[in-house]
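# Summary of the model geometry
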Amino acid sequence: MIVAFSVSPSAAEEDGGVSEAVARAVKVVRDSGLPNSTNAMFTNIEGSWDDVMDVVKRAVEAAGEGSSRVGLVLKADIRPGYEGQLTAKVERVEKHLDRE
């Protein structure tokens, strides 16, 4: 499965941002050893249901340190029997774009 998620604590930094809290969450994801990528809006992670959800839970907890509330947006692509889709899905799209 692939999960795209975004976390945001209620306690923002002085400039209104949440980059420090998000960095704590991303560190949890990167330290997990599961395939992942981060962009301006979401962090994507691929693995088994149990592994991915464990990492998401720990990432939310890390982002929420020092905050009384954390918002979580999560989207999942559950496709049993497929691995390596974090990059393969993008490669298939790029292949179509190269034909144009």
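### Digging into the confidence of the model for the chain
Overall, the predicted model of the chain reaches an average pLDDT of 93, with 96% of residues at or above 70. Here helix α3 (residues 85-99) stands out as the element of the chain with the lowest mean pLDDT, 94, in contrast to strand β3 (residues 43-46), whose mean of 98 is the highest.

### Observations concerning the environment of V22
Along the chain, V22 turns up in helix α1 (residues 19-31). Note on V22: relative accessible area 28%, which makes it partly exposed. Separated by 35 residues in sequence, V22 and K57 have C-alpha atoms that sit 13 Å apart.

### Examining the pattern of salt bridges
Taken as a whole, this structure holds five salt bridges when the rule is applied. Among the salt bridges present, the one from K27 reaches D31, with a minimum N-O distance of 2.7 Å. Taken together, the residues K27 and D31, both in helix α1 and four residues apart, mark about one turn of the helix. We note that K27, like D31, is exposed. In this structure, R58 engages D54 in a salt bridge whose closest nitrogen and oxygen atoms are separated by 3.1 Å. Remark: D54 and R58 occur in helix α2 (residues 49-63); sequence separation between them is four residues, near one turn of the helix. By relative accessible area, D54 is classed as partly exposed at 39%.

Rules and cut-offs
Residues numbered from 1 in each chain as written. Predicted model: local features only at pLDDT ≥ 70, side-chain atom pairs only at ≥ 80, totals over all residues. Heavy atoms only, no water. pLDDT = per-residue confidence, 0-100. Helix = DSSP H or I, 4+ residues; strand = E, 2+ residues; numbered from the N terminus. Buried < 20%, exposed > 50% of the residue type's maximum accessible area, 1.4 Å probe, protein only. Salt bridge = Lys/Arg side-chain N within 4 Å of Asp/Glu carboxyl O.

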